[in-house]
Amino acid sequence: MKTIYSILLCFLLTLQIGNTQSCDNGLLLHYSFEDISKILDKSGCNSCHKSGQSTSWNYQEYFSLFEKNNCNQSIIVRGNAGASTIISTIKTAKDCSNDDLAPLHLMSTPDIKAIESWINIGAPKNCIPLLNDIIDISKDNGCFNCHNLSNQEGGWYLDDKFDSSIGSNITCKDDLVVTLYRPENSTFFSVIQQANDCNISDPQSHKKLKEEEIILINDWISAGAPISSQSLPLELVSFDLFVKNAHPLLLWETSSELGVEKFVIERSNSGHNFEAIADVQARGAATNSYSYENVSVSYGNYYYRIKIMDFDGRHEYSPIEYISINAKTFIFDIYPNPILNHKEVILEWYSKNDIQLSAKLKLMDSSGKVLHEQKIQKGTNRINTESLSRGVYYLTIADYYGGTHFERLVVMNE
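The rules behind the values
Every residue gets a number counted from 1 within its own chain, in the order that chain's sequence is written. Only residues with pLDDT of 70 or above have their local features reported here, since the model is predicted, and side-chain atom pairs are shown and tallied only from 80 upward, although totals for entire chains, interfaces and linings are computed over all residues. For side-chain calculations, the full set of non-hydrogen atoms in the structure is used, while hydrogens and water are omitted. Between Lys or Arg on one side and Asp or Glu on the other, a salt bridge is scored when a side-chain nitrogen of the former is within 4 Å of a carboxyl oxygen of the latter. Strands here are runs of E lasting at least two residues and helices are runs of H or I lasting at least four, both read from the DSSP assignment and numbered beginning at the N terminus. When a residue's accessible area, from a 1.4 Å probe over protein chains only, is under 20% of the maximum for its type it is buried; when over 50% it is exposed; and in between it is partly exposed. Should DSSP find at least two bridges between two strands, the strands are taken to pair. The charge count includes Lys and Arg as positive and Asp and Glu as negative, but it does not include His or the ends of the chains. Each polar contact in these results corresponds to two N or O atoms within 3.5 Å; when the atoms are within protein, one needs to be able to donate a hydrogen and the other to accept it, and residues that are neighboring in sequence are counted only if both atoms are side-chain atoms. Residue contacts follow a heavy-atom distance rule, with two residues in contact if any of their heavy atoms lie within 4.5 Å. Any two cysteine sulfur atoms within 2.5 Å of one another count as a disulfide. Residues belong to a common nonpolar core when they are buried Ala, Val, Leu, Ile, Met, Phe, Trp, Tyr or Cys residues joined through side-chain atoms within 4.5 Å. One confidence number per residue, pLDDT, is output by the predictor and ranges from 0 to 100. Directions from the helix axis toward the C-beta atoms define the arc.

Quick look at the pattern of salt bridges now. Opposite charge on two side chains permits them to pair, given that their charged atoms come into close proximity. Under the defined criterion, the tally for this structure stands at eight salt bridges. Glu34 is the salt-bridge partner of Lys38, the closest N and O atoms lying 3.8 Å from each other. With a gap of four residues between them, Lys38 and Glu34 both fall in helix H2 (residues 33-42), about one helical turn apart. Salt-bridge contacts for Lys42 lead to Asp111; the nearest nitrogen and oxygen are separated by 3.0 Å. Placement of the pair is Lys42 in helix H2 and Asp111 in helix H4 (residues 109-120), with a sequence separation of 69 residues. Side by side, Lys42 and Asp111 carry an identical accessibility label, which is buried.

Next comes the structure, spelled out in structure tokens:
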């Protein structure tokens, strides 16, 4: 992706902040929320996304970043930059409510990579603690009076084998003791925040922890509850897309692969609803380079991400990367066809030699009457057929060279 600076504000800022990773925890150098906040400030995000502004979220308050935006989409999904709307917005300057947010929302590639890296390790507020740190906090607050290996009254226990309790739950809740990457869905976190437990009648049996201790446990769970520095998340050094022989070529490089089983390649035509298309086995060495050529596709707009699978079942996602492969010939396909009424038709359209970026689409009935017109973009488009009754219809597109192309669409009743 080319670095784009389109607003004067970015050049006028006198405070030049490099993408410094302030945390060094064993084998992992990583960003804290303060590092990311400085990057957002530098890019001018504080003009809208600060406390008291009219926008749906702000980053002056850390936990606001994990709320929903105006379209009920997650701003940040811990451990998954690819599913976080903040990433798609700063890459494309588009969101679900406004197709043209440029130039204010575009960021430079180094800044995007920094934010992706921070999200993929769990988006911690401070530096990621390890299990021993969490055990020390628990001992200091009396948790070991009940939650130890010799006294199972608490239903789970805290020691150096705490990972064996992660998948358990208590009798009156569906939440696990620790849900990896999800403090808000972890019983352990809710108890230390609120000092109550639905399974305990005596409210004095738990106490609310100090704010700094709550944040440490938040950061630990958000990072996948690492047992040691060796179990901290794999570092994806790079992930890039290229075109090779008219096919998408994925290249990625990793470090610290301890415990990684494989990489699952996932693809989407829209940036949502990814499907797995291939597995690549991890080599397990300190540094590795990988490649995958998706020879089953030759033209179109594609989104890719990599699901990194550990042997213990944990996983994390790479950032989403996008590539467009130009068509050499005119492409006009619709599917499914026939279609049940009240469903969407998917339309793939590319002009010859990729000379057109958009075109006018007409929907006509069998008599030639135009029922609907809309502008379509090259690539994947969606056509709503909700108003169509059973029958035969035609979709037509006029191309740059003066020709008219049509496809027959059959609509059936459910």
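Reading across from one edge, S12-S18-S17-S14-S15 is the order of the five strands in this open sheet, with mixed pairing throughout. Strands at the two margins of the open sheet, each flanked by one partner only, are strand S12 (339-340) and strand S15 (370-377). The pairing of S12 with strand S18 (residues 404-412) spans two bridges and is parallel. Following the sheet pairing, Ile339 is matched in S18 by Val411.

Of the pairings in the sheet, the one linking strand S17 (residues 391-398) to S18 comprises eight bridges and is antiparallel in character. When the sheet's bridge partners are listed, Ala398 is paired in S18 with Thr404.

Relative to the helices and strands, Asp35 is located in helix H2. Despite its burial, Asp35 remains without a salt bridge, the nearest opposite charge being carried by Lys38 at 5.5 Å. Among the polar contacts made by the side chain of Asp35, one reaches the main-chain amide nitrogen of Ser32 at a distance of 2.8 Å. Discounting chain neighbours no more than four positions away, the residues touching Asp35 are Thr20, Gln21, Ser22 and His30.

A few words now on the state of the cysteines. This model, assessed by the stated rule, comprises one disulfide. Each sulfur of the disulfide joining Cys23 and Cys127 lies 2.0 Å from the other. The sign of the S-S torsion, about -80 degrees, decides the handedness of the disulfide formed by Cys23 and Cys127: left-handed. One end of the pair, Cys23, is in strand S1 (residues 23-25); the other, Cys127, is in the loop between H4 and helix H5 (131-140), and 104 residues separate them in sequence.

Within the largest apolar cluster, 24 residues are counted, with the highest numbers of intra-cluster contacts made by Leu65, Ile76, Ile115, Trp118 and Ile119. Sorting the residues of this core by element identifies H2, helix H3 (85-92) and H4 as the ones contributing at least two each. The element that contributes the greatest number of residues to this core is H4, accounting for five residues. Residues within four places of Leu65 in sequence aside, it is in contact with Phe33, Trp57, Asn58, Tyr59, Ile75, Ile76 and Trp118. Ranked by size, the runner-up nonpolar core spans 18 residues in total, among them Leu241, Phe263, Ile265 and Ala282.

Before going further, it helps to examine the confidence of the model for the protein. Detailed reading of predicted coordinates is not advised where the pLDDT is low. On average, residues of the protein score 75 in pLDDT, and 74% of them reach the 70 mark or higher. The least confident element of the protein is helix H1 (residues 8-12), whose mean pLDDT is 29; the most confident is strand S6 (residues 275-281), at 93.

Our next topic: H5. Buried residues of H5: Leu131, Ile134, Ile135, Ile137 and Ser138, and no others. What you see down the axis of H5 is that its buried residues fit within an arc of 160 degrees, all on one side. In H5, the exposed residues that point more than 90 degrees away from the buried face are Asn132 and Asp140. At its buried positions, H5 is contacted by helix H6 (187-194) and helix H7 (211-222).

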